[in-house]
Every structure is written in C-alpha cells, then in structure tokens.
Amino acid sequence: MDDTEQSNEEMILSFLAEGGEDYVSGAALSDKLGLSRTAVWKHVEQLRRLGYRIDAQASRGYRLLEVPDTLTALEVGPLLATRELGRTLHHYDELDSTNVKAFELAHEGGFHGEVIVAEHQTAGKGRRGRVWVSPPGKSLAMSVIVRPEIPPSRAPELTLVTAVALAETLRDSGVDARIKWPNDVQIAGKKVAGILTELSADTERVHFVILGIGVNLNVPAAEFPAEIAEIATSILAAKNQPVHRALFVAALLAKLESWLDVWTEQGFAPIRDAWKALTSTLGQEVVVRTDGKELRGVAEDIDESGALLLRAGEKLERILSGDVEQLRA
Ligand code: BTN
C-alpha cells in the first residue's frame, strides 16, 4: 500500500467512524475524497481484506461494523500524538524478528522514528542470545529506529530511557509495573516486558540504534509456554482486563518520544532519577550473573551511565551487563 492509498483508506475509515450507526453514502465518500464511486468501492474491499467489517447497501451506502485488533498504520496512525516516532510504521503479520528487519531498514537509510511491528515473530531475540517468545496477535513486538548524535559509549543509556517510557506506559494502563535492572519490566516479580537495544556504530559515533520492545499485552496466563509460565505475566493476566493494543502502542511511542527529548536536551541525569523512582532492584540483596562470574551483594545504586553499583562487603562493584536475581522481595 502506498501513502496515498493509505490516507484514502484512513479517511474512509474516519468518515465511517464519524457516521457511527448511520450509513455513509458512496456519493458522499466519493465527493469528500475526490474519487470515483468505483475507487471508493475498491478501497472498501481493501479495508475488508485487512479485517474491517463494513456493511454495504446499494440504497444507503457503507457502515463500519467492526475494526480488527491489529497494529497496522491504519489503526495506530490516527491515535498517534508524536512528531516523529511511528509516523512511518511498517506492519507485518509475521517476521523472524522486528529487530532484524529494523536493522535492515536502517542500513538502507530508514529514518529516525521509523517503527516496525509484527503480529508474530518466529525468531524473536532476547538479551544475551536468548529467544523471545509470545503467542501471535496478542502481544507487542516492536522495534524503533533512532539516530541520536552520540558516541557509542552513551548508547546503553537508551535502554534505560526505553525502560522508563515502557514502565510508565504500563503503569498508565493500570498495572503496578517496576523495572528490574537493567531493563526487564515486571509486575509482582513476573516479567511483562523486555527490551533489546542493538546498535550500529564506528569508534567515534553511533549510526543508529534499534530499540526492540516486547510486551505481553493480552496473553492469558494459560497461554504462556510451559518454560516461562512461572516467571512471565501479561497485562491481561495481571488485571483481568485486556488493553486496546493500538492505543497502548500510541501511548508508548508518545512517552518514548518525550523521554528521548528530555535525554537529548538534558542528558542522562533526569532519566537516572526517573529510572530510580521506578525500579524494584535498588536496596535489594541480589545475585548478579555476568559472563562467567556470579556476584552477590546489595544493589546500591546506578551510576551516571546506568551501570549497577553492587555493594559486596567493602567492595563496590560496577556492573555493566548481566542478569539480576533478587533474593528477597
Ligand atoms: C529480553 O528481555 O530478553 C529482551 C526481549 C526483547 C524482545 C523484543 S520483541 C521486539 C524486538 N524484536 C526482537 O527480536 N526482540 C525485541
């Protein structure tokens, strides 16, 4: 679908939505859009193929009966309040990984703020080489291309920027979300969302960063694969109510854009404060597993670059990456 077709279809949908229970005549639509009646009909057919239920009556016109639960630009676009993020949105029913696709698009010149969403990932990537699995059509698998002007050493800050935006969006959806260092988001100790940031850079500067975000939205507890059932949760499982997925995406992109603005204008300090207010890790006794090492101590703080400061007796360890297990709630 090119952009003009998309905006014609967006406009047909918004006129039909405005019409509510009433039929909107084909003549009115063709006048408003400056299209022939046949062209209007073709767009309606295309919308039906995308899952919109539209009744057509020769004497009365068209009426919107049902919209699909998808994360296409048609559904997310009208809800967006951003300047850049999500203004170009690539939607796929199935992909290996949205991060892989985003990387390809960014290499081909994809813009800052372009978003890639998949209803289903066949090879979703998690941190530290793990896989990320979620049942099709019920979650969010999204990658955002960002092009900050920073040296590579500052790229890890973006993971914390994303975690803050994500935790706040989840909290606004009515769940008690908390960040576990570095970037898991949990509800009552179970993981609801994860972030995988990947970057392309040379020694001097970052070319682009892919912010990969996976959120368990409307996954019933019983549908998690056995191997993660004990440690995973979703918004639906936590509050017994589904979320409107397109609204969630629009809200998340708005939050992300506004935290990215803060970060660009004021640096990492306000992100660190916000992260600290949202975390469940600090003050806890934890075990941290990093490459080949296991460290035990109290998670005392994060430093000015987001690294974890772990108090182990007299020693204060600075940890850049790893898995944290909280020993006591
Ligand atoms: C983690 O907690 O291990 C990170 C999980 C990140 C999953 C998301 S889903 C969208 C994006 N595409 C991927 O392949 N991974 C990230």
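Details of the structure are given in the entry above.
First things first, this report covers the structure right here in the doc.

Reading the values: the criteria
Sequence positions are assigned chain by chain, starting from 1 and proceeding in written order. Since the coordinates come from a predicted model, pLDDT governs what is reported: local features require at least 70, and pairs of side-chain atoms require 80 or more to be given and counted, while whole-chain, interface and lining totals use all residues. Hydrogens and water are ignored here; the side-chain numbers use all heavy atoms of the structure. Between 30 and 60 degrees the pair is tilted, below 30 it is stacked and above 60 it is edge-to-face, where a pair is any two Phe, Tyr or Trp rings, Trp via its six-membered ring, whose centres lie within 6.5 Å. Where helices and strands are cited, they refer to DSSP runs of H or I of at least four residues and of E of at least two residues respectively, numbered from the N terminus. The rule is simple: take the accessible area with a 1.4 Å probe, protein chains only, and divide by the maximum for that residue type; under 20% is buried, over 50% is exposed, in between is partly exposed. Two strands are counted as paired when DSSP detects at least two bridges linking them.

The final tally for this structure, using the stated rule, is two aromatic pairs. For the pair Trp-41 and Tyr-62, a centre-to-centre distance of 6.5 Å together with 25° between the ring planes defines the contact as stacked. Placement of the pair is Trp-41 in helix α3 (residues 37-49) and Tyr-62 in strand β2 (residues 61-66), with a sequence separation of 21 residues. Residue classification places Trp-41 among the partly exposed residues on the basis of a relative accessible area of 37%. Geometrically, the ring pair formed by Phe-103 and Phe-208 is edge-to-face, given 5.0 Å between the ring centres and 70° between the ring planes. Placement of the pair is Phe-103 in helix α5 (residues 98-107) and Phe-208 in strand β9 (residues 206-215), with a sequence separation of 105 residues. Take Phe-103: its relative accessible area is 23%, and that puts it in the partly exposed class.

Take the pairing of strand β1 (residues 53-57) next. Relative to β2, β1 is paired through five bridges, and the arrangement is antiparallel. In the sheet register, Gln-57 faces β2, and the bridge partner there is Gly-61. Counted between consecutive antiparallel strands, the loop separating β1 from β2 contains three residues.

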